[in-house]
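These are the residues of each chain, in order.
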Amino acid sequence: MQFFKSLFSNLRIADIIDIIIVAAVFYKLFKLIRETRAEQLTKGIFALFIFAKVSGLLKLYTINWILENAMTVGVIAILIVFQPELRRGLEYIGRSRFFTKSFLEIKGESLSRTVDEIVEACASLSRQKIGALIVLERQTGLNEVVETGTKINGQVSSNLLINIFIPNTPLHDGAVIIKEDMIKAAACFLPLTENMNINKELGTRHRAALGISERSDSLSIIVSEETGAISIAENGAIARHLDSQTLKQILTDMYKPKDSQEAFIIKWRRKDEQGEE
Ligand SMILES: Nc1ncnc2c1ncn2[C@@H]1O[C@H](COP(=O)(O)OP(=O)(O)OP(=O)(O)O)[C@@H](O)[C@H]1O
């Protein structure tokens, strides 16, 4: 009791602010790494830290020495292994409302037209089982990826999108990059995910979509050539077997101002979980 009394009597407003900021930062960090490979790595490092402390307390000197040194080397290893996550984290900070006015916004009619054209193209490609990969660029610039393909700079239309992915045509292989209501490029090469835990059924098209979603805030739409299934990848996660209506809702939400946004995968999963209850 005495302990709590002295704790609260010494507590300053600055301490409370300090605690709130640290808690908020850790919460954001946790949300950022949730369900990415960084989550497992973080758990591993945390376990190592606990073992090191316990071995120190139990005076297991050799184990303690190994673990302490492993932790030192680990810090450098973390910087290398976590490089995409660190980059994403810093980009996330840069994207926050503090630094940017608002998320890309396509206004009114243009927004719904773009969404309708993309959804129509995906539905048609899905029916015909034509494989497709469409990346919607957001705040993170994808010019490095655009450079690997063929520049188009044309208004989004379902006919143009369908045409691009027709098998055995010059631009069908690779990804289309869309920014706002423009198709920037086609036949672009995306980095593949290094995540080993993803479903083995998923081939390189899906892995490429996941890869770019780990390295940017983009949202990718995948149409499977094999099954015609429509999926989306965002933030290192994939949501599969979407119907046109759900895809339309997700895209409409995506083009909304930042205030009303949260990761679509998270939103979609939450809806799914509520549906299952
Ligand atoms: N790194 C990449 N960047 C962009 N597109 C890629 C990349 N790797 C593969 N693709 C596209 O994916 C196609 C191969 O898809 P694959 O069959 O391996 O994948 P999948 O995930 O099983 O998809 P599907 O269900 O359509 O078969 C390639 O022809 C190419 O168009």
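By convention here, each chain's residues receive numbers from 1 onward along its written sequence. In view of the model being predicted, local features appear only for residues whose pLDDT reaches at least 70, and side-chain atom pairs are presented and counted only at 80 or more, with totals across whole chains, interfaces and linings using the full set of residues. Only hydrogens and water are set aside; all other atoms, that is, all heavy atoms of the structure, feed into the side-chain values.

**Some words on the pattern of salt bridges**
The rule for a salt bridge is simple: a side-chain nitrogen of Lys or Arg has to be within 4 Å of a carboxyl oxygen of Asp or Glu. Counted according to the given criterion, the structure contains 11 salt bridges. Close ionic contact of Arg-215 with Glu-194 constitutes a salt bridge, the shortest N to O distance being 3.5 Å. Here Glu-194 lies in the loop between strand 4 (182-188) and helix 9 (204-215) and Arg-215 lies in helix 9, a separation of 21 residues in the sequence. Exposure classes here rest on a 1.4 Å probe applied to the protein chains alone. A residue is buried below 20% of its type maximum, exposed above 50%, and partly exposed in between. Owing to a relative accessible area of 49%, Glu-194 belongs among the partly exposed residues under this scheme. Note that Glu-201 and Arg-240 form a salt bridge whose closest N and O atoms lie 3.2 Å from each other. Of this pair, Glu-201 sits in the loop between strand 4 and helix 9 while Arg-240 sits in strand 7 (residues 237-242), placing them 39 residues apart in sequence. Classification of Glu-201 by relative accessible area gives exposed; the value is 60%. Strands are runs of DSSP state E lasting at least two residues, helices are runs of H or I lasting at least four, and both sets are numbered from the N terminus onward.

**Section: the site of the ligand**
Around the ligand, the surrounding shell holds 16 residues, and the nearest of these are Asp-173, Thr-204, His-206, Ser-224 and Glu-225. With respect to the ligand, the side chain of His-206 contributes an N or O atom lying 2.6 Å from an oxygen atom. Within the backbone of Glu-225, one N or O atom sits 2.6 Å away from an oxygen atom of the ligand. Within this scheme a cavity is a closed region of a 1 Å grid, computed over the protein atoms alone, that accommodates a 1.4 Å probe without allowing it to escape, whereas a pocket is open but has protein on both sides within 12 Å along at least five of seven lines; lining residues each have an atom within 4 Å of a point. To be counted as sitting in a cavity or pocket, a molecule needs more than half of its atoms within 2 Å of that site's grid points. More than half of the atoms belonging to the ligand lie within 2 Å of the grid points that define the second largest pocket. Considering each element in turn, the shell around the ligand owes the most residues, 4 residues, to helix 9. Only Asp, Glu, Lys and Arg are considered charged, only Ala, Val, Leu, Ile, Met, Phe, Trp, Tyr, Cys and Pro nonpolar, and every remaining residue, Gly among them, polar. For the shell around the ligand, the per-class residue count stands at 7 nonpolar, 5 polar and 4 charged. In these notes, residues near a molecule or strand are those with any non-hydrogen atom within 4 Å of it. Any N or O atom pair separated by 3.5 Å or less is treated as a polar contact, with the protein-specific requirement of one donor-capable and one acceptor-capable atom, and with residues adjacent in sequence counted only for side-chain atom pairs.

**Some details on the confidence of the model for the chain**
Within the chain, residue pLDDT values average 83, and 82% of them lie at 70 or more. pLDDT measures how confident the predictor is about each residue, on a scale from 0 to 100. Contacts are assigned to residue pairs that have any heavy atoms within 4.5 Å of one another. A low-confidence stretch, residues 99-105 stays under pLDDT 50, and its non-local contacts, those more than four residues away or across chains, total 20 contacts. Complex prediction metrics read pTM 0.67 and ipTM 0.94.

**Brief notes about the sheet that holds strand 1 (residues 132-137)**
Strand order in the open sheet made by the 7 strands is 2-4-3-1-5-6-7, with mixed pairing throughout. Across the chains shown, the open sheet's two edge strands, defined by having one partner strand only, are strand 2 (150-155) and strand 7. Neighbour-to-neighbour, the strand axes of the sheet open up by a mean angle of 20°, direction not taken into account. Only strands joined by at least two bridges in the DSSP assignment are considered to pair. With 4 bridges joining them, strand 2 and strand 4 adopt antiparallel strand pairing. Considered in strand 4, the bridge of Lys-151 is made with Ala-185. Think of each axis as a best-fit line through the C-alpha atoms, taken over the contacting stretch in the case of a helix, with angles from 0 to 180 degrees between the N-to-C directions. The strands that helix 9 touches are strand 1, strand 5 (219-223), strand 6 (230-234) and strand 7; relative to strand 5, the one it contacts most, it runs at about 175°. Sheet strands in contact with helix 10 (residues 244-254) are strand 1, strand 5, strand 6 and strand 7, and its direction is about 160° off that of strand 5.

**Overview of the layout of surface pockets**
Grid points are joined across faces, edges and corners, and a volume is the space filled by probe spheres set on the points. Within this model, the second largest pocket holds a volume of roughly 590 Å³. In this structure, the second largest pocket is lined by 28 residues; those nearest its centre are Gly-203, Thr-204, Arg-205, His-206 and Glu-225. Within the residue set of the lining of the second largest pocket, elements represented by two or more residues are helix 9 and strand 7. Looking at side-chain class alone, the lining of the second largest pocket contains 12 nonpolar, 10 polar and 6 charged residues.

**Side note on unusual backbone geometry**
Glycine aside, residues mostly have negative phi angles, and peptide bonds mostly take the trans form. Unusually for a residue other than glycine, Glu-180 sits at a positive phi of about 50°. Considering the arrangement of structural elements, one finds Glu-180 in the loop between strand 3 (175-179) and strand 4. Within the chain, His-241 stands out as a residue other than glycine whose phi angle is a positive 55°. With respect to the element layout, His-241 can be found in strand 7.

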